[in-house]
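# Coordinate inspection notes
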Amino acid sequence: MMPRTRILILVAVAVLAGCRRSEEPVRTSHPQVGQPFPYTRFLNGSGQVVDVGTWTGKKNVLLVFMRGFPGYVCPNCTRHTAQLIERHDEFTTRNTQVLLVYPGPTESIPQFVKAVRELLTSTVTGELPLPILLDVDLAAVKAVGIQGDLAWPASFIIGVDGLIKYGYIGKSYLDRPTVDEILQAVDRLSQP
């Protein structure tokens, strides 16, 4: 094999290895359907406290945990975020507030937002329509039991009553529910 080809193969293997989880998540007990969510206070990008409990009695809340920045912008997180933004009105008509949780240092958020914007098919000016909540010290990630290479992807629907109605924790960084699956879970909340 030629040296250049060998180097390209080694680089490809290194990049792919970096996309895998280098550590298993800390497996504590995860929040269960019917329980209150274990962590509700976050900071937004302006440094203001956002309490998920604000929506109790008013709206369902979809909390979507991103991986954070494990040395690169996670392409699956950006794709999933872009899909959620493209279908944001479908959540709004279902009385559901979508909140993104970004674990780890805040320095990488501009790169994340830029990568999301590049995937959007619609034009979004100004801030993204989905608030990004910060989990700088990984307190929420630890409370939910999804710590590992920052965070495992996870989605939770908290009902109007403040209790978890749906929870999904990925088995790999690729494993997320589709937007359709999440919307179906929201639709089941209004069924008797």
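Computed from a predicted structure; not experimentally measured.

## Comments concerning the packing of helix α2 (residues 75-86) against helix α4 (residues 109-119)
Closest axis-to-axis distance for the α2/α4 pair is 8 Å, and the angle between their directions is 60 degrees. With respect to α4, the element α2 is oriented oblique. You can see that α2 and α4 cross each other, and the crossing is right-handed. Residue-level contacts link Cys-77, Thr-78, Arg-79, Thr-81, Ala-82 and Ile-85 of α2 to Phe-112, Ala-115, Val-116 and Leu-119 of α4.

## Section: the state of the cysteines
All chains considered together, the criterion is met by zero disulfides. Take Cys-74: it sits in no disulfide, and the sulfur closest to it among the cysteines is that of Cys-77, at 3.1 Å. A relative accessible area of 1% means that Cys-77 is categorised as buried.

## Quick notes on the packing of aromatic side chains
In the structure shown here, the tally under the stated rule is five aromatic pairs. The interplanar angle of 65 degrees and the centroid separation of 5.1 Å between the aromatic rings of Phe-37 and Phe-156 together place this pair among those described as edge-to-face. Here Phe-37, found in the loop between α1 (3-19) and β1 (41-43), pairs with Phe-156, found in strand β6 (residues 154-158); they are 119 residues apart in sequence, far enough to count as distant. A residue is classified by how much of its surface remains accessible, and Phe-37, at 7% relative accessible area, is buried. Aromatic side chains Tyr-102 and Phe-112 sit 5.3 Å apart centroid to centroid with 50 degrees between the ring planes, which places their arrangement in the tilted category. One end of the pair, Tyr-102, is in strand β4 (residues 96-103); the other, Phe-112, is in helix α4, with 10 residues separating them in the sequence. When sorted by exposure, Tyr-102 lands in the same class as Phe-112, which is buried. Through pairs of rings, three or more aromatic residues link up here, namely Phe-37, Phe-65 and Phe-156.

## Structural notes on the environment of Arg-188
One can find Arg-188 in helix α6 (residues 179-189). For the pair Arg-188 and Tyr-166, spaced 22 residues apart in sequence, the C-alpha separation works out to 9.9 Å.

## A closer look at the pairing of strand β5 (residues 132-135)
Here β5 shows a buried face lined by Ile-132 and Leu-134 and a second buried face lined by Leu-133 and Asp-135. Running through α4, the crossover from β4 to the neighbouring parallel element β5 is right-handed.

## A closer look at the confidence of the model for the protein chain
Across the protein chain, the average pLDDT comes to 83, with 85% of residues at or above 70. The model gives residues 1-27 a pLDDT under 50, and that stretch makes 32 contacts with residues more than four places away or in other chains.

## What about the side chain of Asn-44?
Tracing the sequence through the fold places Asn-44 in the loop between β1 and β2 (49-51). Residues contacting Asn-44, with those up to four places away along its chain left out, are Val-50, Ile-132 and Leu-134.

## Some details on the pairing of strand β3 (residues 60-65)
Burial runs high along β3: six of the six residues are buried. Direction of pairing for β3 relative to β4: parallel, over a ladder of six bridges. Looking across to β4, one finds that Val-61 is bridged to Gln-97. Pairing of β3 with β6 involves five bridges; the strand directions are antiparallel.

## What about the nonpolar core?
Looking at soluble globular proteins, one finds that nonpolar side chains tend to be buried together. By size, the foremost hydrophobic cluster in this structure holds 30 residues, and its most contacted members are Leu-62, Leu-84, Phe-91, Phe-112 and Ile-132. When residues of this core are traced back to their parent elements, those giving at least two are β3, α2, β4, α4, β5 and α6. Residue contacts for Phe-91: discarding those within four places in its chain leaves Leu-62, Leu-84, Thr-96, Val-98, Val-179, Ile-182 and Leu-183. One finds Leu-63, Ala-140, Val-141 and Ile-164 within the second-largest nonpolar core, a separate group that totals 23 residues.

## Observations concerning the pattern of salt bridges
Applying the stated criterion across every chain yields a total of seven salt bridges. For the salt bridge of Lys-165 with Asp-161, the shortest nitrogen-to-oxygen distance reads 2.8 Å. Since its relative accessible area comes to 32%, Lys-165 is described here as partly exposed.

Thresholds, definitions, all that
Residues numbered from 1 in each chain as written. Predicted model: local features only at pLDDT ≥ 70, side-chain atom pairs only at ≥ 80, totals over all residues. Heavy atoms only, no water. Axes fitted to C-alpha atoms, helices over the stretch in contact; angles between N-to-C directions. Helix = DSSP H or I, 4+ residues; strand = E, 2+ residues; numbered from the N terminus. Parallel < 35°, antiparallel > 145°, perpendicular 65-115°, else oblique. Left-handed = near helix turned anticlockwise from the far one by under 90°. Contact = heavy atoms within 4.5 Å. Disulfide = S-S within 2.5 Å. Buried < 20%, exposed > 50% of the residue type's maximum accessible area, 1.4 Å probe, protein only. Phe/Tyr/Trp six-rings, centres within 6.5 Å; stacked < 30°, edge-to-face > 60°. Right-handed = clockwise from strand over helix to strand, strands pointing away. pLDDT = per-residue confidence, 0-100. Pairing = 2+ DSSP bridges. Core = buried A, V, L, I, M, F, W, Y, C linked by side-chain atoms within 4.5 Å. Salt bridge = Lys/Arg side-chain N within 4 Å of Asp/Glu carboxyl O.

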